[in-house]
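Spelled out, the chains give:
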Amino acid sequence: MENELIQILPAGSNRSERQLQPLAPAHEILFNDAATKQPFFKGKTFYIETFGCQMNVHDSEKVAGTLLAKGYRPVENYEDADLVLYNTCSIREKAAQKVFSRLGAFKKGARNRQRIIGVLGCVAQQEGERFFDRAPQVQLVCGSASYSRISELIDRLEAGEKRVTGLSLDTDECFETEITRRDNPFRAYITIIEGCDKACTYCVVPMTRGPERSRPSDKVLAEARRLVDAGYTEIQLLGQTVNSYRDPSLARLAFPELLLRIAEIPGLKRLRFTTSHPHDFTSEIVRAIENSPVLCNHIHLPLQCGSNRMLARMRRTYTREEYLEKISCIRSAKRAMSISTDIIVGFCGETEEDFEQTLSLIDAVGYDQVFSFKYSPRPNTDAGRMEDSVPEEEKGRRLITLQERQRQIQLSRNQELIGQEFEVLVEGFQSKLGQAIGRTTSNRIINFAGEAGWIGQYMNVRVTAAGPNSLVGVRAESG
Ligand code: 5AD
Ligand code: SF4
């Protein structure tokens, strides 16, 4: 029976009930947010593959929910699907290329069943109608600002239209769905702000995701309550610039207030948010984390570059000194915080001296994690029109130098944790090693001897050894 593939848990079921569901892979666990409207299956199938950031991952969860509401059923393999969707990323050239290699599987002449192929996300928005010339097998091109129309677009294709697009960026709406098919059994995402009004010169996002628009706080709070009722103990708020949130409802909750209101929901154990922009990062956010143990003590604060000359050229709207002030505010908090960042090396005109400034800044901050990238020129960006002056080889050298330096920093920071005890949420189990994989509220991974049955539980672990990227521990007696 087809329906047996899917487990539908109405709002109100708790985590222990969820764990009792036999052999339900995470991606098949559904939450029916509407509670009254049960999805039904009319025999059509869909496959969706997602590239890129957590925003994309969550957008796909919502698109999948929309499809379930239309009566489509998910399948594991694109070959079995009547509707194949790729949710794309164009942040760097390499990411953008991935969808084209996937689409190669559907080239004309290949043995194909009748199916609809669609591209969503940033590459879809960036390429627009041109996508049909580059990949004639594609029938649907839709950017994230038009996802509210996705159901209607699919209806038009089903009714016989050959090609449809959703490309308007002129919107003040956020994508709301009645059903969200959540893939992660531990952490539920909630988008609180879509688009981006910053104008970093290297970045495609303002062009691909449209202008900034925040969801009303009452909707966010209602979604959070529903998720906790459904058994989630961890929520992550999402936005390209999550801390630029501006409540459009009459409640006018400021971002730190919203954090505290969500953190108060009984049963919620962890609340995270990403990504913060340094310009809008305030001491009130730090105070909120300090005062609520539910708010995770981890802040992702993208730096991009340590040189003022480059920061100005990137149009980041803060200086090295201002960034460091925010860091000292975080470091002065009563609860120790872990800090992570994003860095681009080899941006247009970056000299050895500029790069040295980035190295000295990462030394000064002592990050717990750094995501670092070689600058990749993007179409329709201001930097795309500047000279990409740093040779590829030099970008590579700077990346390795930065990563090696950061590895040392992480190793010594992690070694300081040996002997300390942390509460972890067990998110996985490596059966070959008999090890449970736990995550601390500060976003560190601790591996420790355990059992598969511990997945989903919180327990205390004492750190016994440290590497640059993870810790090793033993279950503490108190846990
Ligand atoms: N080239 C390289 N990295 C980029 N990022 C954004 N745009 C580019 C680009 N054109 C990085 C930034 C951002 C992260 C998500 O991706 O560091 O914070
Ligand atoms: Fe891109 Fe800058 Fe907006 Fe982040 S803040 S999404 S880097 S434009």
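Conventions and cut-offs
- Residues numbered from 1 in each chain as written.
- Chains lettered and ligands numbered in written order.
- Predicted model: local features only at pLDDT ≥ 70, side-chain atom pairs only at ≥ 80, totals over all residues.
- Heavy atoms only, no water.
- Helix = DSSP H or I, 4+ residues; strand = E, 2+ residues; numbered from the N terminus.
- Buried < 20%, exposed > 50% of the residue type's maximum accessible area, 1.4 Å probe, protein only.
- Contact = heavy atoms within 4.5 Å.
- Areas by Shrake-Rupley, 256 points an atom, 1.4 Å probe, with all protein chains shown as cover.
- Near = heavy atom within 4 Å.
- Polar contact = N/O pair within 3.5 Å; in protein donor to acceptor, adjacent residues only side chain to side chain.
- Nonpolar A, V, L, I, M, F, W, Y, C, P; charged D, E, K, R; others polar.
- Pairing = 2+ DSSP bridges.
- Axes fitted to C-alpha atoms, helices over the stretch in contact; angles between N-to-C directions.
- Arc of directions from axis to C-beta.
- Salt bridge = Lys/Arg side-chain N within 4 Å of Asp/Glu carboxyl O.
- Right-handed = clockwise from strand over helix to strand, strands pointing away.
- pLDDT = per-residue confidence, 0-100.
- Parallel < 35°, antiparallel > 145°, perpendicular 65-115°, else oblique.
- Left-handed = near helix turned anticlockwise from the far one by under 90°.
- Core = buried A, V, L, I, M, F, W, Y, C linked by side-chain atoms within 4.5 Å.
- Domains from an automatic or database assignment.
- Expected span 1.5 Å × (residues − 1).

### Quick word on the overall build of the protein chain
Argument step 1. Secondary structure summary: the protein chain contains 14 helices and 21 strands in total.
Argument step 2. Taking all 479 residues of the protein chain together, the buried fraction comes to 56%.
Argument step 3. Of the contacts formed within the protein chain by residues at least 6 apart in sequence, a portion of 73% connects residues at least 24 apart.
Argument step 4. With the model as given, the accessible surface of the protein chain reaches about 20,500 Å², and the carbon-plus-sulfur share is 50%.

### Description of the site of ligand 1
Argument step 1. Taken together, the residues surrounding ligand 1 are I91, R92, Y202, Q304, D342, I344, F373, K374, Y375, S376 and R378.
Argument step 2. Measuring from an oxygen atom of ligand 1, one finds a side-chain N or O atom of D342 at 2.7 Å.
Argument step 3. At 2.8 Å, a backbone N or O of S376 approaches a nitrogen atom of ligand 1.
Argument step 4. Protein contacts shield 86% of the accessible area of ligand 1, which totals 400 Å² for the unbound molecule.
Argument step 5. Elements represented by at least two residues in the shell around ligand 1 include exactly β15 (338–345) and β16 (369–374).
Argument step 6. The residue inventory of the shell around ligand 1, partitioned by class, reads five nonpolar, two polar and four charged.

### Description of the sheet that holds strand β17 (residues 421–430)
Argument step 1. Strand order around the closed barrel formed by five strands is β17-β18-β19-β21-β20, with mixed pairing between neighbours. Between one strand axis and the next, the sheet turns through 50° on average, direction left out of account.

### With respect to helix α9 (residues 255–263)
Argument step 1. Restricting attention to buried positions, one finds in α9 the residues F255, P256, L258, L259, I262 and A263. Along α9, the residues classed as buried sweep out an arc of 160° about the axis, all on the same side.
Argument step 2. Buried residues along α9 sit in contact with α8 (217–229), β12 (234–238), β13 (270–274) and α10 (283–291).

### As for the pattern of salt bridges
It is possible for side chains of opposite charge to pair when their charged atoms get near one another.
Argument step 1. This structure, assessed with the given rule, holds 36 salt bridges.
Argument step 2. The salt bridge involving R149 is made with E152; its shortest N-O contact spans 3.4 Å.
Argument step 3. Residue classification places E152 among the partly exposed positions, given a relative accessible area of 35%.
Argument step 4. Two residues, D382 and R315, come together in a salt bridge whose shortest N-O distance is 2.9 Å. You can see D382 sitting in the loop between β16 and α14 (392–415) and its partner R315 sitting in the loop between α11 (308–314) and α12 (320–331), a full 67 residues away along the chain.

### Brief notes about the side chain of T201
Argument step 1. Among the structural elements, T201 can be located in the loop between β10 (193–194) and α7 (205–209).
Argument step 2. Among the residues examined, T201 registers a relative accessible area of 3% and is labelled buried.
Argument step 3. For T201, the residues in contact, after removing those within four places along its chain, are R313, M314, R315, F347, T381, D382, A383 and M386.

### Points about the pairing of β15
Argument step 1. Among the eight residues in β15, eight count as buried, and that is most of the element.
Argument step 2. The alternating pattern of β15 places S338, S340, D342 and I344 and I339, T341, I343 and V345 on opposite faces, both of which are buried.
Argument step 3. Taken together, the three bridges between strand β14 (residues 298–300) and β15 define a ladder with parallel strand orientation. Its bridge partner being in β15, H298 is matched across the sheet by S338.
Argument step 4. As paired strands, β15 and β16 are joined by six bridges and run parallel to one another. Within β16, the residue paired with D342 across the bridge is F371.
Argument step 5. Traced from β15 through helix α13 (residues 352–365) to β16, the parallel crossover comes out right-handed.

### Details of the confidence of the model for the protein chain
Argument step 1. Of all residues in the protein chain, 90% attain a pLDDT of 70 or more, and the chain-wide mean is 90.
Argument step 2. Note that pLDDT drops below 50 for residues 1–40; the model gives that stretch 82 contacts with residues more than four away or on any other chain.

### Re the packing of α8 against α9
Argument step 1. The interhelical angle for the contact between α8 and α9, taken along N-to-C directions, is 30°, at an axis separation of 10 Å. Regarding the angle of α8 to α9, the classification is roughly parallel. Once α8 is placed against α9, the crossing between them reads as right-handed. Across the interface between the two elements, S217, V220, L221 and A224 from α8 touch L258, R261 and I262 from α9.
Argument step 2. Here the contact of α8 with α9 is built from residues that sort into five nonpolar, one polar and one charged.

### Examining the nonpolar core
Argument step 1. Ranked by internal contacts, the top residues of the largest apolar core, which has 67 residues, are I192, L237, I262 and L271.
Argument step 2. Mapping this core onto the domain boundaries places at least three of its residues in each of domain 2 (186–296) and domain 3 (324–416).
Argument step 3. What I262 contacts, discounting residues up to four positions off in sequence, is V220, L221, A224, L237, L268 and L271.
Argument step 4. Listed in part, the 22 residues of the second largest apolar core include Y47, V99, L103 and I117.

### So, α14
Argument step 1. With 24 residues, α14 extends 34 Å from end C-alpha to end C-alpha; this agrees with the ideal 34 Å at 1.5 Å per step.
Argument step 2. Of all the residues in α14, the buried ones are K395, G396, R398, L399, L402, Q406, I409, Q410 and N414.
Argument step 3. On its buried face, α14 is in contact with β15, α13, β16, β20 (458–466) and β21 (471–475).

### What to know about the site of ligand 2
Argument step 1. Around ligand 2 sit C196, K198, C200, Y202, C203, V205, P206, Q240, T241, H277 and R316, and that is every residue in its neighbourhood.
Argument step 2. Classifying every residue of the shell around ligand 2 gives six nonpolar, three polar and two charged.

### A few points about the side chain of S442
Argument step 1. In this fold, S442 is placed in the loop between β18 (435–440) and β19 (445–449).
Argument step 2. Since its relative accessible area comes to 6%, S442 is described here as buried.
Argument step 3. One polar contact links S442 to T440, side chain to side chain, over a distance of 2.8 Å.
Argument step 4. Of the polar contacts made by the side chain of S442, one reaches the side chain of R444; its length is 3.0 Å.
Argument step 5. If we skip the residues at most four places from it in the chain, S442 touches N297, H298 and S338.

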